[in-house]
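# Results of the structural survey
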Amino acid sequence: MESVRKTVLSGIQPSGVLTLGNYLGALKQWAQMQDDYLSLYMVADLHSITVRQEPAVLRRRISETYALLLACGIDPDRSIVFVQSQVPEHTQLSWIMNCITYVGELNRMTQFKDKSAKHADNVNAGLFTYPVLMASDILLYQAHCVPVGADQKQHVELTRDVATRFNNAYGETFVVPEPYIPKFGARIMSLQEPEKKMSKSDPNPNAFLLLTDDADTVVRKLRRAVTDCEGVIAYDPENRPGVSNLLTIYSVCANMSMEDAQKHFDGLGYGALKQETADAVNAVLDPIREEYARLLTDKAYLSERMKDGAEKASAIARKTIRKVYRKVGLDCMR
Ligand code: ATP
Ligand code: LTN
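Scope of this entry: the structure provided in the associated data block. (Residues numbered from 1 in each chain as written. Chains lettered and ligands numbered in written order. Predicted model: local features only at pLDDT ≥ 70, side-chain atom pairs only at ≥ 80, totals over all residues. Heavy atoms only, no water.)

### A word on the site of ligand 1
As a structural note, the neighbourhood of ligand 1 is formed by 21 residues, with Ser15, Asp151, Ile188, Lys197 and Ser199 the closest of them. Here an oxygen atom of ligand 1 sits 3.1 Å away from a polar atom, N or O, in the side chain of Asn22. Here Gly149 contributes a backbone N or O atom positioned 2.9 Å from an oxygen atom of ligand 1. When the free accessible area of ligand 1 is taken as 600 Å², the share hidden by the protein chains comes to 96%. Here the shell around ligand 1 takes four residues from helix α1 (residues 20-33), the largest share from any one element. (Near = heavy atom within 4 Å. Polar contact = N/O pair within 3.5 Å; in protein donor to acceptor, adjacent residues only side chain to side chain. Areas by Shrake-Rupley, 256 points an atom, 1.4 Å probe, with all protein chains shown as cover. Helix = DSSP H or I, 4+ residues; strand = E, 2+ residues; numbered from the N terminus.)

What follows is the structure, encoded as structure tokens:
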């Protein structure tokens, strides 16, 4: 029954082709949650322009990211799948939430610190207020649960703080959401610098596995993955980040507990770990690659689903905006 289902919302930026980190940290959970929740999943294109994007490339990537979500099992008949900029209520709520959020809170966000160091020539106000837009994405749909990788936990916590502040100031308005972060796979690390998270915008293509990489590329990138010289396969992310990252990827892709994965490799070498990890990754990616290639040939279907998703999302978002305007006193034209 619709009324008892809780709501889930999450988003992903079209800032590059999605990586295995995006899949294991977020998308896999999105697909699994669709039957138990009223699910809304979006391509966060407004977020991606906090970093300079080439318009033609961005336009293409928005459609490709949308197609990849569907290829990963997000079903537009069971979930509302949409593009953020096609639902104008996101920017409407964002302004109001900007007026509820403190500069001091935004100053503490580690993603802002990391991204402003990386893009020192373009530390724009959007990069700074990005978490407010993300909070608005979540609060617009009264989401109870937000499935994300570990790097986004701080932003969901900020969302909880600003939602609670708004509710205290204006009366009960927003559901205060909970993050949902998987135990393993929430932070897949770079294959080249395993102290850093795997990121689709890493300049070194050997650092990430893309969902669209072919089987041979997956094998080649994993063979080159940085390990260490201890020669023993054991999970110790603090001291042995490279080997632990491969074990994590293997265990999650092979659907095995970390304990069983370690037992499986007992007495084997890094060559076996890399080859079996590549096989497990390829088994996960095979159906995704196939469905993605098929979807890309059907542009009309993609546009139709995007339009339908945006309409459904907007119908829900509009109700929240009306309520918020009323609570804040912006409804003098009633
Ligand atoms: P960018 O590199 O452009 O900043 P990104 O690869 O970090 O992008 P996002 O679009 O910011 O990807 O994130 C989408 C989702 O994927 C988020 O829920 C995020 O937490 C998750 N995610 C991103 N990278 C990883 C990773 N290495 N391991 C696990 N989850 C991840
Ligand atoms: N900020 C997120 C993407 C994102 C998101 C959201 C995630 C935008 N809006 C709402 C969850 C809920 C990121 O960079 N990974």
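### A word on the packing of helix α3 (residues 55-71) against helix α12 (residues 270-296)
Orientation of α3 relative to α12, taken along the N-to-C sense of each, is 135°, at an axis distance of 8 Å. The angle between α3 and α12 places the two elements in the oblique class. The crossing of α3 and α12 is right-handed. Residue-level inspection shows Glu64, Ala67, Leu68, Leu70 and Ala71 of α3 in contact with α12, the latter providing Ile288, Glu291, Tyr292, Leu295 and Leu296. (Axes fitted to C-alpha atoms, helices over the stretch in contact; angles between N-to-C directions. Parallel < 35°, antiparallel > 145°, perpendicular 65-115°, else oblique. Left-handed = near helix turned anticlockwise from the far one by under 90°. Contact = heavy atoms within 4.5 Å.)

### A word on the side chain of Asn245
Residue placement: Asn245 occurs in helix α10 (residues 241-253). The contacts of Asn245, once residues within four sequence positions are left out, are Ile188, Met189, Ser190 and Leu191.

### Here we look at the layout of surface pockets
One number sums up the size of the second largest pocket: a volume of about 320 Å³. Taken together, 15 residues make up the lining of the second largest pocket; nearest its centre are Arg187, Met189, Tyr235, Pro237 and Thr248. Of the residues assigned to the lining of the second largest pocket, the class counts are seven nonpolar, four polar and four charged. (1 Å grid on protein atoms, 1.4 Å probe; cavity = no way out; pocket = protein on both sides within 12 Å on 5 of 7 lines; lining within 4 Å. Points joined across faces, edges and corners; volume = space filled by probe spheres on them. Nonpolar A, V, L, I, M, F, W, Y, C, P; charged D, E, K, R; others polar.)

### Here we look at the pairing of strand β1 (residues 6-12)
On any regular strand, side chains alternate: one points to one face of the sheet, the next to the other face. Within β1, five of the seven residues are buried, which leaves the element mostly enclosed by the surrounding structure. Inspection of the sheet shows β1 paired to strand β2 (residues 37-43) by seven bridges, in the parallel sense. Across the sheet, the residue bridging to Ile12 is Val43, located in β2. Crossover β1 to β2 through α1 is right-handed. (Buried < 20%, exposed > 50% of the residue type's maximum accessible area, 1.4 Å probe, protein only. Pairing = 2+ DSSP bridges. Right-handed = clockwise from strand over helix to strand, strands pointing away.)

### Describing helix α6 (residues 110-118)
Because the α-helix completes a turn every 3.6 residues, residues three or four places apart line up on one side. Within α6, the full set of buried residues consists of Gln111, Phe112, Lys115 and Ser116. Down the axis, α6 shows its buried residues gathered within 120° of arc, on one side only. Opposite the buried face of α6, at more than 90 degrees from it, the exposed residues are Asp114, Ala117 and Lys118. (Arc of directions from axis to C-beta.)

### Things to note about the site of ligand 2
Near ligand 2 you find 14 residues, and of these Gln13, Tyr130, Met134, Asp137 and Gln152 are the closest. Contacts to ligand 2 include Gln13, whose side-chain N or O atom sits 2.9 Å from an oxygen atom. Starting from 360 Å² of accessible surface for ligand 2 in isolation, the protein chains cover 92%. Listed by contribution, the elements that provide at least two residues to the shell around ligand 2 are β1 and α7 (125-140). Ranked by residues supplied to the shell around ligand 2, first place goes to α7 with four residues. Within the shell around ligand 2, the residues separate by chemical class into eight nonpolar, five polar and one charged.

### As for the pairing of strand β3 (residues 79-83)
The element β3 is largely enclosed, with a buried count of five among its five residues. Of the two faces of β3, the one carrying Ser79, Val81 and Val83 and the one carrying Ile80 and Phe82 are both buried. Sheet analysis places β2 next to β3, joined by five bridges and oriented parallel. For Tyr41, the partnering residue across the bridge sits in β3 and is Val81.

### Description of the packing of aromatic side chains
Tallying each qualifying case throughout the model produces seven aromatic pairs. An angle of 55° between the planes, with centres 5.7 Å apart, marks the rings of Phe82 and Tyr141 as tilted. With Phe82 in strand β3 and Tyr141 in the loop between α7 and β4 (145-147), this pair connects stretches of sequence that are 59 residues apart. Here Phe82 and Tyr141 have matching classes, each one buried. (Phe/Tyr/Trp six-rings, centres within 6.5 Å; stacked < 30°, edge-to-face > 60°.)

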